[in-house]
Amino acid sequence: MSTEWKDLRAELPEEVRDRLDAKRRERRLGKALAEVRKTMQATQQDVASRAGMTQNTVSKIENADDVLLSSVVRYMHSIGGGVELVLKTPDGKATRVDFDPDIHVTQGS
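Everything numeric here is computed off the predicted structure, so don't read it as measured data.

What counts, and at which threshold
- Residues numbered from 1 in each chain as written.
- Predicted model: local features only at pLDDT ≥ 70, side-chain atom pairs only at ≥ 80, totals over all residues.
- Heavy atoms only, no water.
- Helix = DSSP H or I, 4+ residues; strand = E, 2+ residues; numbered from the N terminus.
- Buried < 20%, exposed > 50% of the residue type's maximum accessible area, 1.4 Å probe, protein only.
- Contact = heavy atoms within 4.5 Å.
- Areas by Shrake-Rupley, 256 points an atom, 1.4 Å probe, with all protein chains shown as cover.
- Salt bridge = Lys/Arg side-chain N within 4 Å of Asp/Glu carboxyl O.
- Arc of directions from axis to C-beta.

**Observations regarding the overall build of the chain**
When you go through the chain residue by residue, the secondary structure sums to 6 helices and 2 strands. Helices and strands in the chain line up, N terminus first, as α-α-α-α-α-α-β-β. When burial is assessed residue by residue, the chain has 25% of its 109 residues classed as buried. Residue pairs in contact within the chain that sit at least 24 positions apart in sequence constitute 35% of those at least 6 positions apart. Taken as a whole, the chain presents about 8,400 Å² of accessible surface, with 51% of it coming from carbon and sulfur.

The following block contains the structure:
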């Protein structure tokens, strides 16, 4: 007999479900980095070699709850990309911080 995850999850206390959802949201950056890496047809070892990291460190970045911005910049530079951070205030204003002013990236579809 197979039990679906959604059925098991529904039986968990709301507090536990909330924590699981928060953990999933926290890992979005790592998943996005892994997706970009794969799109660039690079392996974790490729990123590690070019960024001066170990493959284990790259794996940890892709699966971490919290990642240093400097690690993200090194990671993206290793595959020829760049990083731009958008700081948003509650009133809707945004300030962009470009860590790679000489790299011009167009938004993909």
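**Topic: the pattern of salt bridges**
Tallied over the full model, the rule gives 5 salt bridges. The salt bridge involving Glu-15 is made with Arg-19; its shortest N-O contact spans 3.1 Å. Taken as a pair, Glu-15 and Arg-19 lie in helix H2 (residues 14-26) at a separation of 4 residues, close to a single helical turn. Residue class for Glu-15 comes out exposed when judged on its relative accessible area of 55%. The exposure class assigned to Arg-19 is partly exposed, which follows from its relative accessible area of 48%.

**Quick look at unusual backbone geometry**
Positive phi is not limited to glycine here, since Gln-41 has a value of about 55°. With respect to the secondary-structure elements, Gln-41 resides in the loop between helix H3 (28-39) and helix H4 (44-51). Note on Gln-41: relative accessible area 73%, which makes it exposed.

**What about H4?**
Looking at H4, one finds that the buried residues are Gln-44, Val-47, Ala-48 and Ala-51. End-on, the buried residues of H4 take up no more than an arc of 100°, which puts them together on one face. Seen from the buried face of H4, the exposed residues on the opposite side, beyond 90 degrees, are Ser-49 and Arg-50. Residues of H4 that are buried sit in contact with H3, helix H5 (55-63) and helix H6 (69-78). Within two residues after H4, Gly-52 carries a phi angle of roughly 70°, on the positive side.

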